[in-house]
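# Structural description and commentary
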Amino acid sequence: MAEVEVKRVRVRGALTKSGLYDLDYAYNPYAGCSHNCLYCYARYYTPFREVSENWGRVVYVKSNVLEALSRDVKRCKRGVVGVSTITDPYQPIEASEGLTRRGLEILLKGGFRVSIQTKSPLVLRDLDLLSRSRHLVDAGLTVTTLDQSLAKLIEPGAPPPLERVKALKILSENRIETWVFLGPIIRGVNDSEFNIRRVAEVALETGSKLIYDYFRFKPGMEKRMSPLTARYPECINAPPSWRKLVRGRVEEICNELGVVCEPAFPEKGEKKDTPTRLTDFY
Ligand code: SF4
C-alpha cells in the first residue's frame with residue numbers, strides 16, 4: 001500500500017445531514033481514505049481540498065470529532081447515522097485512532113441507530129459493542145468481486161475480499177443484521193453472471209441482503225480510472241440498456257438463490273420496503 005500522510009484537523013460539528021434518503025445523518029471521523037479505490041467518488045464530496053486532490057494518499061483525522069459528536073448527539077433529533085458515507089470508518093488509521101469505535105459508543109448510548117459500511121474486517125474489533133446494541137445496528141461489507149487480483153487492481157488499499165466475507169460471516173453469526181454491497185458494478189469488469197452469482201452466494205451464506213449499484217463516471221476521474229480503462233475500455237460507459245441488463249441479471253440470480261436484493265438508488269417511482277443505508281459514495 002502506498003505511503004499515507006496523516007494530518008490532524010479540527011471540526012465544528014460531527015453529525016452532518018445525509019443526502020441519502022435512508023439515512024438521517026452521516027458520521028465521518030476521517031476525511032480521505034487509504035483504501036484508495038479507483039472508482040471512488042467520495043473525494044468529490046469532501047470539503048478538504050488537499051484530501052480531495054490527493055485521494056488515497058492524505059487522510060485527515062478529525063481530532064476533536066468526539067467532543068463535537070457528544071454535543072451534536074444532545075441537540076439532534078434521534079435518527080439513523082451512516083458510519084461512514086465519504087470515508088471507510090475502518091480504514092487502517094482507525095486501528096490506532098479509535099474514532100469510529102468511540103463515535104459508535106456515543107451514538108448508541110444516545111439512542112441513535114447506526115448503519116455501518118466498510119471493506120475492512122477491523123469492524124470485528126468492535127463486535128462486543130455492536131452485539132450489545134444489535135437492535136440499533138446494521139453492518140454492510142462491500143464486495144465488488146471475489147477475484148483477488150481484480151480487487152487488488154480496483155481497490156488497491158483495501159483488505160482482500162475473502163477477509164470481508166469472513167467478517168460478514170462472523171457478524172452474522174453474532175446476530176448483527178448484515179448486508180452485502182455489490183457496488184459499484186462496472187461494465188465489463190465485474191458485471192458478469194459469474195461474478196454477480198459469487199457475490200450473491202456470499203449474501204446467501206451470510207443471511208445478508210444484497211444491495212447493488214452501478215458505476216457512474218464523473219468528469220475528472222479519467223486519470224484514476226486509467227489502469228482500468230487500459231484493460232476494459234468500455235468500463236466508463238454505463239448506458240441505460242446496460243444498467244437494465246445488469247439489473248435483470250442481479251435480480252434473476254438473487255431470486256433463484258432466495259436472496260433479498262435491492263438497488264441502492266431505486267428508479268423513480270420505486271420505493272424500498274425496508275430502509276437500508278447506502279452508501280459510501282464509493
Ligand atoms: S470507495 Fe469507500 S473504501 Fe474505497 S476509497 Fe472510497 S471511501 Fe474508501
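Each remark here, short or long, concerns the structure printed above.
In this text, all values refer to a predicted model and were calculated from it rather than measured experimentally.

Sheet architecture is open: 3 strands sit in the order β1-β5-β4, paired in mixed fashion. At either margin of the open sheet sits one strand with a lone partner, and together these are β1 (5-9) and β4 (30-31).

Turning our eyes to something else, we now look at the nonpolar core. Counting residues in each nonpolar core, the largest one holds 58 residues, and the members touching the most others are L15, Y27, L107, I116, L210 and V250. A total of 6 residues in this core trace back to one element, the largest contributor, which is helix α10 (residues 240-257). Not counting residues up to four positions away in its chain, the partners in contact with L15 are Y25, A26, Y27, L69, D72, C76, V81, L107 and F112. A31, C33, I86 and I186 belong to the second-largest nonpolar core, a separate cluster that totals 24 residues.

This part takes up helix α4 (residues 99-109). Within α4, the full set of buried residues consists of L99, T100, R101, G103, L104, L107 and L108. Of the residues flanking the end of α4, it is G111, one or two places downstream, whose phi is positive at about 85°.

With that settled, consider the pattern of salt bridges. For the structure on display, the rule yields 20 salt bridges. Here K7 makes a salt bridge to E50, at a shortest N to O gap of 2.6 Å. Remark: E50 occurs in helix α1 (residues 49-53) and K7 occurs in strand β1; sequence separation between them is 43 residues. Taking relative accessible area as the criterion, E50 reaches 26% and is therefore assigned partly exposed. Its salt-bridge partner being D138, residue R113 comes within 3.2 Å of it at the nearest N-O pair. Of the two residues, R113 is situated in strand β7 (residues 113-118) and D138 in strand β8 (residues 137-142); the sequence distance between them amounts to 25 residues.

Considering all chains together, one arrives at 4 aromatic pairs under this definition. Plain terms: the ring middles of Y25 and F112 are 5.9 Å apart, the flat faces sit at 65° to each other, and that makes the pair edge-to-face. Here the residue Y25 occupies a position in strand β3 (residues 25-27), and F112 occupies one in the loop between α4 and β7, the gap between them amounting to 87 residues. Judged by its relative accessible area of 6%, Y25 falls in the buried class. Considering the side-chain rings of Y212 and Y214, the 6.1 Å spacing of their centres and the 80° angle between planes classify their relative orientation as edge-to-face. With respect to class, Y212 is no different from Y214; both count as buried. Following the ring pairs from residue to residue traces out a cluster consisting of Y212, Y214 and W242. Across from the ring centre of Y41, 5.2 Å away, lies the NZ or CZ of K218, which sits over that ring. Its end group placed over the ring of Y214, R243 keeps NZ or CZ at 5.9 Å from the ring centre.

The rules we used
Residues numbered from 1 in each chain as written. Predicted model: local features only at pLDDT ≥ 70, side-chain atom pairs only at ≥ 80, totals over all residues. Heavy atoms only, no water. Pairing = 2+ DSSP bridges. Helix = DSSP H or I, 4+ residues; strand = E, 2+ residues; numbered from the N terminus. Core = buried A, V, L, I, M, F, W, Y, C linked by side-chain atoms within 4.5 Å. Buried < 20%, exposed > 50% of the residue type's maximum accessible area, 1.4 Å probe, protein only. Contact = heavy atoms within 4.5 Å. Salt bridge = Lys/Arg side-chain N within 4 Å of Asp/Glu carboxyl O. Phe/Tyr/Trp six-rings, centres within 6.5 Å; stacked < 30°, edge-to-face > 60°. Lys NZ or Arg CZ within 6 Å of the ring centre and 35° of its normal.

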